[in-house]
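# Observations on chain architecture
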Amino acid sequence: MRTVDTSEIRKAVEKLFIEANYVLPESLADRIRECERCESNALARSVLSKLSDNLEAAREINVPICQDTGMAVVFIEIGQEVALCGEPLRDAVNKGVADAYINGFLRKSVVCEPLFERKNTGDNTPAVIYTDIVEGDRIKISAVPKGFGSENMSRARMFTPSASRDDIIAFVADTVRRAGGNPCPPIVVGVGLGGTFDYAALLSKKALARDIEIRNANPDYAALEDDMLRAINSLGIGPQGFGGDTTALAVNIEYFPTHIAGLPCAVNIGCHVTRHKSVTI
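Residues numbered from 1 in each chain as written. Predicted model: local features only at pLDDT ≥ 70, side-chain atom pairs only at ≥ 80, totals over all residues. Heavy atoms only, no water.

Put simply, the largest pocket is a space of about 430 Å³. For the lining of the largest pocket, the residue count by class is 6 nonpolar, 4 polar and 7 charged. (1 Å grid on protein atoms, 1.4 Å probe; cavity = no way out; pocket = protein on both sides within 12 Å on 5 of 7 lines; lining within 4 Å. Points joined across faces, edges and corners; volume = space filled by probe spheres on them. Nonpolar A, V, L, I, M, F, W, Y, C, P; charged D, E, K, R; others polar.)

If you want it as structure tokens, here you go:
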């Protein structure tokens with residue numbers, strides 16, 4: 001049995017959220033440059049070039065890549081051979097998030113409750129935390145700062161089992177069509193299929209946290225990812241909604257077994273700075 005003090009988790013969470021907000025995953029930055037080279041629309045090429053320039057400028061002057069530094073979402077996989085000591089895990093994670101948003105000079109965007117007073121909590125906590133017990137003696141922490149310009153464009157629908165592959169593609173594409181330029185395209189689209197109403201939404205969030213170079217291990221779902229991407233890019237919304245071939249950079253799908261009577265589908269949209277970073281301790 002390996003013992004880990006939760007103070008290590010606090011430090012790791014702080015580092016992850018600062019780095020995730022300052023540097024985009026390289027695969028995503030590369031995909032933006034690749035799409036610029038392939039884009040047929042001159043205005044869209046110019047917009048994609050400016051997006052790359054913005055990423056480079058943020059790196060050079062050491063500022064966040066987007067002014068919306070997101071609500072903190074944290075995925076933690078804890079090996080069953082790990083014993084945690086120190087303060088409670090949730091407290092350690094939230095303190096790490098607060099440290100990141102204060103010490104990293106990140107915008108604090110969380111309010112204390114959703115409907116009435118909506119007073120800012122002042123340190124971007126509490127985080128949305130998901131934990132999972134896995135094999136081994138390691139802890140994997142994934143930080144996902146989620147901006148809400150794109151989050152607000154997400155949707156879920158409970159299909160019946162009679163829904164076809166084309167029906168699912170049409171729903172995902174229609175979600176993007178309705179979003180238009182609001183989520184700052186080119187976007188990354190996370191799709192969750194199966195489970196229950198709530199679990200499909202969680203799967204769609206996990207999908208956004210997967211590197212866009214990694215296709216679904218199931219070839220049927222990998223092909224579905226490709227077909228969804230083509231359907232979305234055929235909409236012509238383009239970078240920042242100005243038209244063009246590049247509405248989405250990638251579609252990631254995660255799926256789970258479901259009930260014989262249902263087919264839950266959730267679509268979580270990420271903007272062109274779909275940020276995530278992980279570490280294993």
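The next subject is the pattern of salt bridges. Two side chains with opposite charge may pair up if their charged atoms get near one another. As enumerated under the stated definition, the model contains 21 salt bridges in all. The shortest N-O distance in the salt bridge between Asp-137 and Arg-138 comes to 2.9 Å. The exposure class assigned to Asp-137 is partly exposed, which follows from its relative accessible area of 29%. A salt bridge links Asp-227 to Arg-165; the shortest N-O distance between them is 2.7 Å. Residue Asp-227 is located in helix H8 (residues 219–233), and its partner Arg-165 is located in helix H6 (residues 165–179); the two are separated by 62 residues in the primary sequence. Residues joined in a network through salt bridges with shared partners are Arg-155, Asp-174, Arg-177 and Arg-178. (Salt bridge = Lys/Arg side-chain N within 4 Å of Asp/Glu carboxyl O. Buried < 20%, exposed > 50% of the residue type's maximum accessible area, 1.4 Å probe, protein only. Helix = DSSP H or I, 4+ residues; strand = E, 2+ residues; numbered from the N terminus.)

Attention now moves to the side chain of Arg-275. Positionally, Arg-275 belongs in the loop between strand E9 (263–270) and strand E10 (277–280). The side chain of Arg-275 is buried and forms no salt bridge, while Asp-68, the nearest opposite charge, is found at 5.1 Å. From its side chain, Arg-275 meets the backbone oxygen of Pro-145 in a polar contact 3.5 Å long. (Lys, Arg positive; Asp, Glu negative; His and termini not counted. Polar contact = N/O pair within 3.5 Å; in protein donor to acceptor, adjacent residues only side chain to side chain.)

As enumerated under the stated definition, the model contains 5 aromatic pairs in all. With centroids separated by 4.8 Å and ring planes inclined at 65°, the aromatic side chains of Tyr-199 and Phe-256 adopt a geometry described as edge-to-face. Placement of Tyr-199 in helix H7 (residues 197–208) and of Phe-256 in strand E8 (residues 248–258) is noted, with a sequence separation of 57 residues between them. (Phe/Tyr/Trp six-rings, centres within 6.5 Å; stacked < 30°, edge-to-face > 60°.)

This part takes up empty space enclosed by the protein. Across all of its chains, the model carries 1 cavity of 30 Å³ or more by this definition. Within this model, the largest cavity holds a volume of roughly 60 Å³. In this structure, the largest cavity is lined by Val-144, Pro-145, Lys-146, Gly-147, Ser-150, Leu-208, Gly-270, Cys-271, Val-273, Thr-274 and Arg-275. If you tally residues by element for the lining of the largest cavity, the top one is strand E5 (residues 139–146), at 3 residues. Across the lining of the largest cavity, the residue classes break down as 5 nonpolar, 4 polar and 2 charged.

Put simply, side chains in a regular strand alternate between the two faces of the sheet. The buried fraction of strand E7 (residues 187–195) is high, at 9 of 9 residues. Note: E7 against E8, 9 bridges, orientation parallel. What sits directly across from Val-188, in E8, is Ala-250. Bridge count for E7 against E9 is 6 bridges, and the pairing is antiparallel. Residue pairing for E9: Val-191 is matched across the bridge by Val-267. (Pairing = 2+ DSSP bridges.)

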